[in-house]
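As a plain string of letters, each chain reads:
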Amino acid sequence: MSAFPNVIFGRYGDEKKAQSTTFGPPLGSIMQLPDGKQYIHAKAQTSAVLAPGKIVVAGSAIPDHGCGTADNLLCTAAAIGATTIVVTAGGTTAIATDYYAGGDIFVRDDTGEAYTYKVKVNNSAATGSTCTVTLEPEDPVVVAIGGTATAGLRRSPYGDVLTRATGSALVGQVIGVPVAAVSAGFYCWLQKRGLGPALVSATIVVIGQPVFADTAVAGAVAGFQQASTATIVYNELDVLGHVHAVSGSAEYALVNWCNP
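We now turn to the structure provided with this report. (Residues numbered from 1 in each chain as written. Predicted model: local features only at pLDDT ≥ 70, side-chain atom pairs only at ≥ 80, totals over all residues. Heavy atoms only, no water.)

### Digging into the overall build of the protein
Here is step 1 of the chain: Within the protein, the secondary structure is distributed over 0 helices and 19 strands.
Here is step 2 of the chain: Counting only C-alpha atoms and orienting by the principal axes, one finds that the protein spans roughly 60 × 45 × 30 Å.
Here is step 3 of the chain: In the protein, which comprises 260 residues, the share counted as buried stands at 40%.
Here is step 4 of the chain: If you take every contact in the protein between residues at least 6 apart in sequence, the share linking residues at least 24 apart comes to 65%.
Here is step 5 of the chain: Carbon and sulfur atoms provide 57% of the accessible area of the protein, an area that totals close to 12200 Å². (Helix = DSSP H or I, 4+ residues; strand = E, 2+ residues; numbered from the N terminus. Buried < 20%, exposed > 50% of the residue type's maximum accessible area, 1.4 Å probe, protein only. Contact = heavy atoms within 4.5 Å. Areas by Shrake-Rupley, 256 points an atom, 1.4 Å probe, with all protein chains shown as cover.)

### Here we look at the packing of aromatic side chains
Here is step 1 of the chain: Tallying each qualifying case throughout the model produces 1 aromatic pair.
Here is step 2 of the chain: Considering the side-chain rings of Tyr99 and Tyr100, the 4.9 Å spacing of their centres and the 80° angle between planes classify their relative orientation as edge-to-face.
Here is step 3 of the chain: The ring of Tyr99 has Arg155 lying over it, and the distance from NZ or CZ to the ring centre is 4.0 Å. (Phe/Tyr/Trp six-rings, centres within 6.5 Å; stacked < 30°, edge-to-face > 60°. Lys NZ or Arg CZ within 6 Å of the ring centre and 35° of its normal.)

### Brief notes about the environment of Thr88
Here is step 1 of the chain: The topology assignment puts Thr88 in strand β6 (residues 84–89).
Here is step 2 of the chain: In this structure the C-alpha to C-alpha distance between Thr88 and Glu136, which are 48 residues apart in sequence, comes to 20 Å.
Here is step 3 of the chain: With residues up to four places along the chain from it excluded, the contact list for Thr88 reads Asn72, Leu73, Leu74, Gly128, Ser129 and Thr130.

### Describing the nonpolar core
Here is step 1 of the chain: Ile85, Val87, Ile95, Ile105, Ile145 and Leu153 are the most contacted members of the largest nonpolar core, which totals 22 residues.
Here is step 2 of the chain: Sorting the residues of this core by element identifies β5 (73–75), β6, β7 (104–109), β8 (116–122), β9 (130–135) and β10 (150–154) as the ones contributing at least two each.
Here is step 3 of the chain: Non-local contacts of Ile95, meaning those with residues more than four positions away in its chain, are made with His65, Leu73, Ala89, Tyr100, Asn122, Asn123, Ser124, Ala125, Cys131 and Leu153.
Here is step 4 of the chain: In this structure, Val205, Val243, Ala253 and Trp257 belong to the second largest nonpolar core, which totals 15 residues. (Core = buried A, V, L, I, M, F, W, Y, C linked by side-chain atoms within 4.5 Å.)

### Comments concerning the pairing of strand β3 (residues 38–43)
Here is step 1 of the chain: Of the pairings in the sheet, the one linking strand β2 (residues 30–32) to β3 comprises 3 bridges and is antiparallel in character. Each residue of the ladder has a partner; that of Gln32, found in β3, is Gln38.
Here is step 2 of the chain: The antiparallel pairing of β2 with β3 creates a hairpin that spans 5 residues between the two strands, and Gly36 there sits at a positive phi of about 95°.
Here is step 3 of the chain: Bridge count between β3 and strand β13 (residues 187–199): 6 bridges; the pairing is antiparallel. Residue pairing across strands places His41 opposite Trp189, the latter belonging to β13. (Pairing = 2+ DSSP bridges.)

### What about the pattern of salt bridges?
Here is step 1 of the chain: Under the counting rule described, the total for this entry stands at 6 salt bridges.
Here is step 2 of the chain: A salt bridge links Arg108 to Asp71, with the shortest nitrogen-to-oxygen separation between them at 2.8 Å. In this pair, Arg108 sits in strand β7 while Asp71 sits in the loop between β4 (56–57) and β5, placing the two residues 37 residues apart along the sequence.
Here is step 3 of the chain: With a relative accessible area of 25%, Arg108 lands in the partly exposed category.
Here is step 4 of the chain: Judged by its relative accessible area of 43%, Asp71 falls in the partly exposed class.
Here is step 5 of the chain: We note a salt bridge from Arg155 to Asp160, for which the minimum N-O separation is 3.7 Å. (Salt bridge = Lys/Arg side-chain N within 4 Å of Asp/Glu carboxyl O.)

### Looking at the environment of Ser124
Here is step 1 of the chain: Relative to the assigned elements, Ser124 resides in the loop between β8 and β9.
Here is step 2 of the chain: A sequence separation of 29 residues divides Ser124 from Ile95, and the C-alpha atoms of the two residues are 5.2 Å apart.
Here is step 3 of the chain: Those residues in contact with Ser124, other than ones at most four positions away along the chain, are Ile95, Ala96, Thr97 and Thr130.

### Some thoughts on the side chain of Ser201
Here is step 1 of the chain: Locating Ser201 in the fold gives a position in the loop between β13 and β14 (210–213).
Here is step 2 of the chain: Take Ser201: its relative accessible area is 3%, and that puts it in the buried class.
Here is step 3 of the chain: For Ser201, the side chain forms a polar contact with the side chain of Asp214, separated by 3.4 Å. (Polar contact = N/O pair within 3.5 Å; in protein donor to acceptor, adjacent residues only side chain to side chain.)

Next comes the structure, spelled out in structure tokens:
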């Protein structure tokens, strides 16, 4: 096992310091402040500026790279202990060099299925060509992969984040909330737990109420709405936190984040 810690104990204000394109702690590392607030290390998408108090989600997956219903990445057989997995790129989307560095490859079907491995680097591959996925040396293949197995590739959920868009569809899971402005392509800290800012949609929230990702205002939260039939209609299934101090519509409330 490695002695590298994935939890950093920061000082007040560290979460708001100027960000840069220089890689710091590994993506997904946690920073905790003395009062228990927690933040996760992430990187904004190269075309996405992040604003404080607006919910952030992981970038979208590429269906052709094994994240759709079709089995587009066929594996070459790999023995126990192998530190590379070779896949043939199907579909119509090429694989870029190191696009999945720091992400994961998962065996989705057939011999070796249900195992996930950490990607160190990958080479480029046009559709119909092979892509060699190099694993982190400490995470080799533990169950032999068959020559008819299929795999999926997914970027780190923390390496390509953007503001949650409007609408009910999500391109990726909710990751956290910035507490300072973040330039496109910059590394940053996103709040996961503790008191922090939250943009409120047109639905006014109340003290103690759970909040969800709003579907009408990008990056905003909303409380639950009581319909005339007395049925509670939730904007999202996941409770992201609870209101600690209220605000008006299109203003910023204080939320005790618990699950972004």
